[in-house]
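Structure assessment
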Amino acid sequence: MKNYDIIIIGGGPAGLAAAISAYDNGSRDILILEREPVLGGILNQCIHNGFGLTRFKESLTGPEYAYRFVEEVRSRGIEYMCDTTVLEVSTDKQVTAINSTKGVFSLSAKAIILAMGCRERSRGALNIAGARPAGIYSAGTAQKYVNILGQMPGKRVVILGSGDIGLIMARRMTLEGAKVLAVCEIMPHSSGLKRNIVQCLDDYGIPLYLSHTIVKIEGKDRVSGVYIAQVDEKRRPIEGTEKYFECDTVLFSVGLIPENELSKGAGVSLSPATKGPIVYDDRETSVSGIFACGNVLHVHDLVDFVSEEAEIAGVSASNYAMGKGADRRVVSTTCGNNVSYVLPQMLDTNASGMVKLYFRVNKVLPNPTIRLTSNGEDIVVKKKKIAVPGEMESIVLTPAKLQSISGDVVVSVEE
Amino acid sequence: MDRELTCVECPMGCAILVTIRDGEIVSIGGNNCARGKLYAQNEVFTPKRVVTSTVKLEGGGMLPVKTDRPVDKDKIFEVMAVINSLIVAAPVKVGEVVASDVCGANIISAKEVL
């Protein structure tokens, strides 16, 4: 069985950045395994712009952002295998994979980086009543049809969910000649970025129905229409508020779930809040030598932050493979008021560099005060103009701040 | 007449207030960068957007493309009509012009196809 220092599962933005940083940290024996025919992951179908503003200070399209990393991987001569699906990762870091030239084969590694990304939540997860006709797609599937295959999924469209992919697809379908009749969002606020409401919906006069959901889908062979209704504060449809839209297509943009089947098989502990692995600040999971980064760990709003996180995992995996273990002094991080998750869940207060804690709030909070405390003592206090669930927040801890932490850390956000 | 805008330049989505007197901008506030200021100036009188789409590749497949600069918002569908009439032959590089001077912008490739 062939052995590598580092095997990276997934050749999307997380896997690519992790590979580059591991190489630049001194590792040479690295392999990337990618399920699709080309590297780049989901960025290949995200043809809209707005990527890379944090990292490159310019607005790139998804394929352009991916290209920069693919070029870096190629120029370093890092090995990768496309069209290869990983079937299993074991606790002792053996990887079983399959492709059409080698069949089923096994590899082993000193360190593994999980970078499988996430999946879209489906209609099944929402229990929407009605028929099961053709014409119902997840927004990402529709995006693949239009942008990769050059096929339009339909002409008259209703979109459920105001996540960014749904908003982007509302504009994309409109540009390609479809009529987008409505975007429904069950929450009283959009889960997508405000700029996408403006440039994807408002620019094209597409109505956004907040506190609304689809209550019934009609159609025999093909979708013929949907009923939407307003919902109360408990998200129950309100009788008498139904509206009917004649349409042939329904898109679901109702959230993303980290894809962790392989992680579970490897015995990696998952967090119920993020649905991804529980990690230390160096992105090592509960299994020694298995690291995770990107959307498999928690769903990011911006690819720039995926790259940043993947670089941490790449360096850590590289150090691990070279036998440079960390002597940790670990505290856990927990959610205080109005916080839905904090990542990493475990913090090494002996860390020698800056540590960035990411977290999300669970409701819209104007003029919030963000507070990080340990044993009732304030470690970091900062104010913001606004905090919204759709946008990840962060706190940077310097080594000095880390040293001053005496016990478990609580992150809270108050109005 | 004042205008409240949401900047679309980056994910921060700054709320920008443009104060206008007698058809002239007298102040722009709320933006955190120069991109935001330029966006607000354009947005009040001639809103502009970068258009991204795909063109057909000769022999099958799609090539992602974009305008190399923002075009007038009311010209977006004109740009789309040109984009949808194009067929591009490989090889093509990232940044290569596949159609020039379309509503004041060039259509450039966003992907390398060998």
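As the structure is a prediction and not an experimental result, all values here were calculated from the model.

Looking only at helices and strands, chain A has eight helices and 29 strands in total. For 415 residues, the compact-globule estimate of 2.2 N^0.38 gives 22 Å, and chain A sits close to it at 22 Å. For chain A, the spread of C-alpha atoms along the three principal axes comes to 65 × 60 × 40 Å. Taking all 415 residues of chain A together, the buried fraction comes to 57%. One finds the centroid of the 45 positive side-chain charges in chain A at a distance of 2 Å from the centroid of its 46 negative side-chain charges.

Our next topic: the pattern of salt bridges. Applying the stated criterion across every chain, the model contains 28 salt bridges over all chains. One salt bridge connects R76 of chain A with D24 of chain A, and the closest N-O pair in it is separated by 2.8 Å. With R76 of chain A in the loop between α2 (62-75) and β5 (79-81) and D24 of chain A in helix α1 (residues 13-24), this pair connects stretches of sequence that are 52 residues apart. According to the relative accessible area criterion, R76 of chain A is buried, its value standing at 19%. A salt bridge links E284 of chain A to R328 of chain A; the nearest nitrogen and oxygen atoms lie 2.7 Å apart. On the criterion of sequence distance, the pair formed by E284 of chain A in the loop between α6 (261-265) and β19 (290-292) and R328 of chain A in the loop between α7 (303-321) and β20 (330-335) is long-range, its members being 44 residues apart. Residue classification places E284 of chain A among the buried residues on the basis of a relative accessible area of 7%. Residue R328 of chain A is classed as partly exposed on the basis of its relative accessible area, which comes to 25%. Members of the salt-bridge network, linked through shared partners, are D203 of chain A together with E43, R49 and K73 of chain B.

Okay, the interface of chain B and chain A next. Tallying the contact residues gives 26 residues for chain B and 32 residues for chain A. With both chains or domains summed, chain B and chain A bury close to 2,400 Å², and 56% of this area falls on carbon and sulfur atoms. By the criterion of area lost to chain A, the three top residues of chain B are V8, P11 and T52 of chain B, representing 22% of everything that side buries. Connecting chain B to chain A are three salt bridges. Salt-bridge contacts for D203 of chain A lead to R49 of chain B; the nearest nitrogen and oxygen are separated by 2.5 Å.

Here the focus is the nonpolar core. The biggest cluster of nonpolar side chains holds 40 residues, and the ones touching the most others in it are L63, I83, V98 and I107 of chain B. Those residues in contact with I107 of chain B that lie beyond four places of it in its chain are V65, K66, T67, V79, I83, E96, V97, V98, A99 and V102 of chain B.

As a further point, take the sheet that holds strand β1 (residues 2-6) of chain B. Residue and element names in this part refer to chain B. On the basis of which strands lie adjacent, the open sheet formed by three strands has the order β1-β2-β3 and antiparallel pairing. In this open sheet, the two edge strands, each paired with only one partner strand, are β1 and β3 (24-29). Between one strand and the next, the sheet's axes are offset by a mean angle of 25 degrees, whatever the strand orientation. Across five bridges, strand β2 (residues 15-21) lies against β3 in antiparallel orientation. Within the sheet, the bridge partner assigned to R21 lies in β3 and is E24.

A word on unusual backbone geometry. The step from L343 of chain A to P344 of chain A runs through a cis peptide bond, and the omega angle for that step is 0 degrees. Inspection of the secondary structure assignment puts P344 of chain A in the loop between β21 (339-343) and β22 (346-348). Each neighbour pair has its own omega, and for A90 of chain B with P91 of chain B the value is 0 degrees, a cis peptide bond. Among the secondary structure elements, P91 of chain B is positioned in the loop between β8 (87-88) and β9 (97-102). We note that K93 of chain A has phi near 65 degrees; this positive angle belongs to a residue other than glycine. By secondary structure assignment, the location of K93 of chain A is in the loop between β6 (85-89) and β7 (94-99). For K93 of chain A, a relative accessible area of 11% translates into the label buried. Of note in the backbone geometry, N367 of chain A takes a positive phi value of approximately 45 degrees without being a glycine. Looking at the element boundaries, N367 of chain A is found in the loop between β24 (365-366) and β25 (369-374). Overall, N367 of chain A belongs to the exposed group, its relative accessible area being 54%.

This brings us to the packing of aromatic side chains. All names here are of chain A. According to the stated counting rule, one finds nine aromatic pairs over all chains in the structure shown. Relative to Y320, the ring of F291 has its centre 5.9 Å away and its plane inclined at 75 degrees; by these criteria the two rings are edge-to-face. Here F291, found in strand β19, pairs with Y320, found in helix α7; they are 29 residues apart in sequence, far enough to count as distant. Cluster of aromatic residues (ring-pair linked, three or more members): F56, Y65 and F69. In this structure, R68 is placed above the aromatic ring of F56, and the distance from its NZ or CZ to the ring centre is 4.8 Å. Directly above the aromatic system of Y280 lies the positively charged group of R328, at a separation of 3.7 Å from the ring centroid.

Moving on, we come to the domain arrangement of chain B. In many analyses, interface size is given as the accessible surface area lost on bringing the parts together. Splitting chain B by domain gives domain 1 (2-45) and domain 2 (52-109). Just the C-alpha atoms count here: the centres of domain 1 of chain B and domain 2 of chain B sit 28 Å apart.

Criteria and thresholds
- Residues numbered from 1 in each chain as written.
- Chains lettered and ligands numbered in written order.
- Predicted model: local features only at pLDDT ≥ 70, side-chain atom pairs only at ≥ 80, totals over all residues.
- Heavy atoms only, no water.
- Helix = DSSP H or I, 4+ residues; strand = E, 2+ residues; numbered from the N terminus.
- Rg over C-alpha atoms; globule rule 2.2 N^0.38 Å.
- Buried < 20%, exposed > 50% of the residue type's maximum accessible area, 1.4 Å probe, protein only.
- Lys, Arg positive; Asp, Glu negative; His and termini not counted.
- Charge placed at Lys NZ, Arg CZ, Asp CG, Glu CD.
- Salt bridge = Lys/Arg side-chain N within 4 Å of Asp/Glu carboxyl O.
- Contact = heavy atoms within 4.5 Å.
- Buried area = accessible area lost by both parts, 1.4 Å probe.
- Core = buried A, V, L, I, M, F, W, Y, C linked by side-chain atoms within 4.5 Å.
- Pairing = 2+ DSSP bridges.
- Axes fitted to C-alpha atoms, helices over the stretch in contact; angles between N-to-C directions.
- Phe/Tyr/Trp six-rings, centres within 6.5 Å; stacked < 30°, edge-to-face > 60°.
- Lys NZ or Arg CZ within 6 Å of the ring centre and 35° of its normal.
- Domains from an automatic or database assignment.

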